[in-house]
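# Structure assessment
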Amino acid sequence: MGSSLFFRHALLPTGWAEDVGISIIDGLISAVTTSAPPPPNAVTQPGIALPGIANLHSHSFQRAISGLTEYRDAATNTANFWTWRDMMYRFALAMDPDDVEAVATLAFIEMLESGFTSVLEFHYLHHAPDGGHYTNIAELSSRIAAAAAGAGIDLTIAPVFYAQGDFAAAPPSPSQRRFISDLDDYETLLRACEPLARMVIAPHSLRAVTPEQLSALTGLVRPGQPIHIHIAEQTAEVEACLAWSGQRPVEWLRAHADVNPQWCLIHATHTTDDERAGIARSGAMVGLCPLTEADLGDGIFPLRDYAGAWGLGSDSNIQISLAAELRMLEYVQRLHYRQRNILATTALPATATAAYQAACAGGAQALAINHGITPGAPANIIALAGDAPDIALAQFVFGGRQLLTDVWVHGTKRVAAGRHNLAAQAEARFNRVLHKILERT
Ligand SMILES: [Zn+2]
């Protein structure tokens, strides 16, 4: 079925355009007109149209612990990534399938309300709390898919392979029992996930897989299918990798796998100039998660000194906000380099606009989907209030103004006047689940 939208301003792959008509058939953009009258039967929209951005890295269940780990443990007087991970594991062990679905539903609704139209769920919570398999090995993946369908977000699922506790075949800890699989189970899981959503292959990290397993996983990747891995997020991980192999994580990966444009390296925070140049040359990309990396005290990826592609992930979902991710990304670079407007380019001197275009292209590369307001791409579009495009986008990103009005996914409006129609219901359900989990842990 066809429909058309008409905007005074829209951000196209070529930049801003005026009087833009967008024709949509079966959820895909079939035609785009510029500087022309509205197409027949077009619905004229107020404001400014932008392409939806894909959130390339989410662990939706972690939305449940947002705000619960922001304290220092009095007994140990330490607070770092690893103490955070202990708390996160406690929650991971306490959630049943209904909990997982309820939390994911709210997280996906919040993503839509913030302007993300697609999400890649990096999903490693597979098994029952005792580590036994559910009757359907993809029970929890199917709950993620149900949550995405309920919210109306475009889902890519990354069934995660996780086999060992650390480098050098360290046995997994009991608290990792819900993540663990062997290669046979993983292939069964992939087959079971196939009907649920678009899929990518996902070794959890170099810590969690052996070299032999990594090579088996790369053998499962289909032509054009992405492969995602956490890498070099923490200095302790870099040191452990050096002790194990004599090489740093990205260095090791590039020496032992065909790292090509299908790869998305999540974080890649602790990398040398050579490693970053190698990523850029390979055509692979990095998945940056600015709010999570700041919240966890990970470190800074020096984006000015990197020539390759990048995209944004909300990762731990400490906060779900496209604008806040873009703002944190740019601000961290400013603090690092003691300069301003790092992400602006010669072609796009308006920083928010340049960052938005890059994040949009990177998100699409990470999910291997078409993007942009252009024929053939999915009709994933967001609208901001305003009539001065660069200024409105900068107010949205840097000014914290709630300018987002409408969100369409595959041509269906999911957010109107800034609100998803299931948000209140999903929040109430989330609060009940959170209360229940807190009583249990
Ligand atoms: Zn992650």
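Keep in mind that this is a model prediction, so the values were computed, not measured.

## So, the coordination of the zinc ion
Looking at the zinc ion, the protein donor atoms are His57 (NE2), His59 (NE2), His230 (NE2) and Asp315 (OD), and they sit 2.1 to 2.6 Å from it. Each of the 4 donor atoms around the zinc ion contributes to a set of angles spanning 83 to 170°, which defines the coordination as irregular. For the zinc ion, the donor residues sit on a single chain with the sequence spacing H-x1-H-x170-H-x84-D. With a gap of 258 residues between them, His57 in strand β5 (residues 53-58) and Asp315 in the loop between β13 (309-312) and α10 (322-337) connect regions that are remote in the sequence.

## Re the layout of surface pockets
Considering only enclosed or pocket space, the largest pocket measures out at about 320 Å³ in volume. In terms of lining residues, the largest pocket is bounded by 18 residues, among which Glu113, Ser114, Ser321, Phe396 and Gln402 are the most central. Those elements that provide at least two residues to the lining of the largest pocket are α2 (97-114) and α10. Ranked by the residues each element gives to the lining of the largest pocket, the list is headed by α10, at 4 residues. Of the residues belonging to the lining of the largest pocket, the class tally is 7 nonpolar, 6 polar and 5 charged.

## Side note on the pattern of salt bridges
Side chains that differ in charge, positive against negative, can pair when their charged atoms come close. Taken as a whole, this structure holds 19 salt bridges when the rule is applied. Residue Arg419 pairs with Glu113 through a salt bridge whose shortest N-O separation is 3.4 Å. Residue Arg419 is found in strand β17 (residues 419-420), and its partner Glu113 is found in helix α2; the two are separated by 306 residues along the sequence. Classification of Arg419 as partly exposed rests on a relative accessible area of 39%. The residue Arg276 makes a salt bridge to Asp273 at a minimum N-O spacing of 2.4 Å. Linking Arg276 with Asp273, this pair stays in helix α8 (residues 273-282), spanning 3 residues, or about one helical turn. For Arg276, a relative accessible area of 4% corresponds to the buried category. Asp273 sits in the exposed class, given a relative accessible area of 57%. One salt-bridge network, in which partners are shared between bridges, spans Asp96, Asp99, Lys436 and Arg440.

## Details of the nonpolar core
Counting residues in hydrophobic clusters, the biggest one holds 127 residues, and the most contacted among them are Phe108, Leu253, Trp263, Trp310 and Tyr356. A total of 10 residues in this core trace back to one element, the largest contributor, which is α2. Counting contributing residues, this core receives three or more from each of domain 1 (2-50 + 383-410) and domain 2 (52-369). Residues in contact with Trp263, not counting those within four places in the same chain, are Leu214, Thr218, Ile227, Ile229, Leu253, Ala257, Asp258, Ala284 and Met285. Ranked by size, the runner-up nonpolar core spans 15 residues in total, among them Leu12, Val20, Ala49 and Ala383.

## What to know about the domain arrangement of the protein
Split by domain assignment, the protein resolves into domain 1 (2-50 + 383-410) and domain 2 (52-369). Placing the centre of domain 1 and that of domain 2 at their C-alpha centroids yields a distance of 30 Å. At the interface, 18 residues of domain 1 touch 21 residues of domain 2. For the pair domain 1 and domain 2, the summed buried surface comes to about 1,500 Å²; carbon and sulfur atoms form 70% of the total.

## Re the sheet that holds strand β15 (residues 404-409)
Pairing within the open sheet is mixed, and its 8 strands lie in the order β3-β2-β1-β4-β14-β15-β16-β17. Lying at the two open borders of the sheet, with one neighbouring strand each, are β3 (28-33) and β17. Taken together, the 3 bridges between β15 and strand β16 (residues 412-416) define a ladder with antiparallel strand orientation. Each bridged residue has a counterpart across the sheet, and for Trp408 the counterpart in β16 is Lys413. Relative to the sheet, α2 contacts β15, β16 and β17, its axis offset from that of β15 by approximately 115°.

Here is what the cut-offs are and how they apply
- Counting from 1, residues in each chain are numbered in the order their sequence is written.
- Thresholds applied to this predicted model are a pLDDT of at least 70 for local features of residues and 80 or more for the giving and counting of side-chain atom pairs; totals over whole chains, interfaces and linings are not thresholded and use all residues.
- Side-chain descriptors were evaluated using all non-hydrogen atoms of the structure, hydrogens and water having been removed beforehand.
- Coordination shells were defined by N, O and S atoms within 2.8 Å of each metal, extended to 3.2 Å for Na, K and Ca; water is absent from the atom set, which can make sites look incomplete.
- Geometry is assigned from the angles between donors: four donors with all angles from 85 to 135 degrees make a tetrahedral site, four or six donors whose opposite pairs exceed 155 degrees while the rest stay between 65 and 115 make square planar or octahedral sites respectively, and everything else is labelled irregular.
- Counting from the N terminus, the helices are the DSSP runs of H or I reaching at least four residues and the strands are the DSSP runs of E reaching at least two.
- Points on a 1 Å grid, built from protein atoms alone, make a cavity when a 1.4 Å probe fits but cannot get out and make a pocket when they are open with protein on both sides within 12 Å along at least 5 of 7 lines; residues with an atom within 4 Å of a point are the lining residues.
- Grid points are joined across faces, edges and corners, and a volume is the space filled by probe spheres set on the points.
- Three classes are used, and their members are as follows: Ala, Val, Leu, Ile, Met, Phe, Trp, Tyr, Cys and Pro are nonpolar, Asp, Glu, Lys and Arg are charged, and the others, Gly among them, are polar.
- Every case where a carboxyl oxygen of Asp or Glu lies within 4 Å of a side-chain nitrogen of Lys or Arg is listed as a salt bridge.
- Only protein chains enter the calculation, and the probe is 1.4 Å; a residue is then buried if its accessible area is under 20% of its type maximum, exposed if over 50%, and partly exposed in between.
- Note on terminology: a nonpolar core comprises buried Ala, Val, Leu, Ile, Met, Phe, Trp, Tyr and Cys residues joined through side-chain atoms within 4.5 Å.
- Just so you know, the domain bounds were taken from an automatic or database domain assignment.
- Only heavy atoms enter the contact rule, under which two residues are in contact if any of them lie within 4.5 Å.
- By buried area we mean the combined loss of accessible area, with a 1.4 Å probe, across both parts when two parts are placed together.
- For two strands to be treated as a pair, DSSP must find at least two bridges joining them.
- The axes are straight lines fitted to the C-alpha atoms, using for helices just the contacting stretch, and the angles between their N-to-C directions are given from 0 to 180°.

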